[in-house]
Amino acid sequence: MSGPLVAFVLILCFVVLFIAAGGHYALRRVWRFQHERRRGRRSRSGLLQHDPGQERKALPEDLRDTRDFAFNLQLGTSMEATLSGALEQTAHQFASRKGIFGERLKRQVDAKLASSPEDVIQGLAEDFDSSHLRELLERLIMAREGGVSYERALSISVNSIEEDIRSRIEMEIQEAPTKLTIPMVMGIFGPPVMIGMLPLIAGMLRVLSEH
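Structural notes, computed from the coordinates.

Thresholds applied
- Per chain, residues are indexed from 1 in the order of the written sequence.
- Two thresholds apply to this predicted model, a pLDDT of at least 70 for residue-level local features and 80 or more for giving and counting side-chain atom pairs, whereas whole-chain, interface and lining totals are computed over all residues.
- By convention in this description, side-chain values take in all heavy atoms of the structure and omit both hydrogens and water.
- Put simply, DSSP marks the helices as runs of H or I at least four residues long and the strands as runs of E at least two long, and each gets a number from the N terminus on.
- Buried, partly exposed and exposed residues are distinguished by accessible area as a fraction of the type maximum, computed with a 1.4 Å probe on protein chains only: under 20%, between the cut-offs, and over 50%, respectively.
- The criterion used for residue contact is that any of the two residues' heavy atoms lie within 4.5 Å.
- Each patch is built from residues that are more than 30% exposed by relative accessible area and take part in no salt bridge. Like charges join if they lie within 9 Å; nonpolar side chains (Val, Leu, Ile, Met, Phe, Trp, Tyr) join within 5 Å.
- The Shrake-Rupley method, run with a 1.4 Å probe sphere, supplies the accessible areas, and residue values consider only the shown protein chains as cover.
- Each salt bridge in this description consists of a side-chain nitrogen of Lys or Arg and a carboxyl oxygen of Asp or Glu lying within 4 Å of one another.
- Within 3.5 Å is the distance limit for a polar contact, defined as a pair of N or O atoms, with the added protein rule that one can donate a hydrogen and the other accept it, and that residues adjacent in sequence qualify only through two side-chain atoms.
- Any Phe, Tyr or Trp ring, taking Trp's six-membered ring, that has another such ring centre within 6.5 Å forms a pair; planes under 30 degrees apart are called stacked, those over 60 apart edge-to-face, and the others tilted.
- Criterion for a charge above a ring: Lys NZ or Arg CZ within 6 Å of the ring centre, and within 35 degrees of the ring normal.
- Fitted lines through C-alpha atoms serve as axes, helices being fitted only where they are in contact, and the angles separating the N-to-C directions of these axes extend from 0 to 180 degrees.
- Handedness of a crossing follows from how the near helix is turned relative to the far one, being left-handed for an anticlockwise turn of less than a right angle and right-handed for a clockwise one.
- Ten residue types, Ala, Val, Leu, Ile, Met, Phe, Trp, Tyr, Cys and Pro, are classed as nonpolar, four, Asp, Glu, Lys and Arg, as charged, and the remainder, Gly among them, as polar.
- By this rule the span expected of a helix is its residue count minus one, scaled by 1.5 Å.

So, about the overall build of the protein. A tally of helices and strands in the protein yields eight helices and zero strands. Seen in sequence order, the protein has helices and strands lined up from the N terminus as α-α-α-α-α-α-α-α. Among the 211 residues that make up the protein, the fraction classed as buried is 30%. Within the protein, residue pairs in contact and separated by at least 24 positions form 60% of the contacts whose partners lie at least 6 positions apart.

Taken together, the side chains of Phe71, Leu75 and Met79 make up a nonpolar region of the molecular surface, amounting to roughly 320 Å² of accessible area. Relative to the elements of secondary structure, Leu75 occurs in helix α3 (residues 63-78). Among the residues examined, Leu75 registers a relative accessible area of 41% and is labelled partly exposed.

With respect to the element layout, Arg97 can be found in the loop between α4 (83-94) and α5 (100-112). Residue contacts for Arg97: discarding those within four places in its chain leaves Asp65 and Asp68. Side-chain polar atoms of Arg97 contact the side chain of Asp65, separated by 3.0 Å. A distance of 3.2 Å separates a polar atom in the side chain of Arg97 from a polar atom in the side chain of Asp68.

Our focus in this paragraph is the pattern of salt bridges. Evaluation of the coordinates by the stated rule reveals 10 salt bridges. Put simply, Arg64 and Asp62 hold a salt bridge, and the shortest N to O gap is 2.9 Å. Look at Asp62 and you get partly exposed, because its relative accessible area is 28%. Taking the shortest distance from any N to any O, the salt bridge between Asp68 and Arg67 comes out at 3.1 Å. There is no split in this pair, since Asp68 and Arg67 are both buried.

Going through the model one piece at a time under the given rule, you end up with three aromatic pairs. Linked through ring pairs, Phe69, Phe94, Phe101 and Phe128 together constitute an aromatic cluster. The residue whose ring lies beneath Arg97 is Phe94, and the NZ or CZ to ring-centre distance is 4.4 Å.

In contact at an axis separation of 9 Å, α4 and α5 are set at 145 degrees when each is read in the N-to-C sense. The handedness of the crossing between α4 and α5 comes out as left-handed. Listed contacts from α5 to Leu87, Thr90, Ala91 and Phe94 of α4 are Phe101, Gly102, Leu105 and Val109. Tallied by class, residues from the contact of α4 with α5 come to six nonpolar, two polar and no charged.

For helix α6 (residues 117-128), which comprises 12 residues, the first-to-last C-alpha distance of 17 Å matches the rise-based estimate of 16 Å (1.5 Å per residue) to within 8%. By the criterion of burial, α6 is predominantly enclosed, with nine of the 12 residues buried. For α6, every residue scored as buried is listed here: Pro117, Glu118, Val120, Ile121, Gly123, Leu124, Ala125, Asp127 and Phe128. Residue Asp129 follows α6 closely and has a positive phi angle near 50 degrees.

What follows deals with α3. With 16 residues, α3 should cover 22 Å at 1.5 Å per step; its first-to-last C-alpha distance of 22 Å lies within 8% of that length. Of all the residues in α3, the buried ones are Leu63, Asp65, Thr66, Arg67, Asp68, Phe69, Ala70, Asn72, Leu73, Gln74, Gly76 and Thr77. Following α3 by one or two positions, Glu80 has its phi on the positive side, about 70 degrees.

Structural data, given as structure tokens:
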């Protein structure tokens, strides 16, 4: 058996073993990590080359944080607290939770609450480029101008966010079988294929040892 053919078969065996062991997922995670790191470097480089006033990249939004934020405001306003008071209480509660949302909320409260509570929510919406927070702010403004309670407006926002969270979970559940098909196939058929190739591999190793 020629050397190039032996090398090709060995490489093919390695690839099959690699996929069967799920190594392609680890490789994909590493690639994504490197891609995000390079993109972050380009973003930082762009900030150095462009004006500081340019639009910054939005922070990743976790809908669970947005939902909890709206729910805490709803709870605070339902207990006769002002919107400013509810924001202060919510910022204090989020301070004990690790995450970027709590950090940005505290920063916005410290910087803008003295101006108006709406400015705090507007700042958060811009930080995360959040349509949910913008809709929440619009409902609060409409409630103030229309004489509707803040608690009612916030209740609508909480229900809307909850519905979006459920929709995303259902979509992930529906997509799960497709994502798991290849690993399942390799897990079922990979070992028998490798066992069947063992005699061929043993024969190739004998040929290599003889040369």
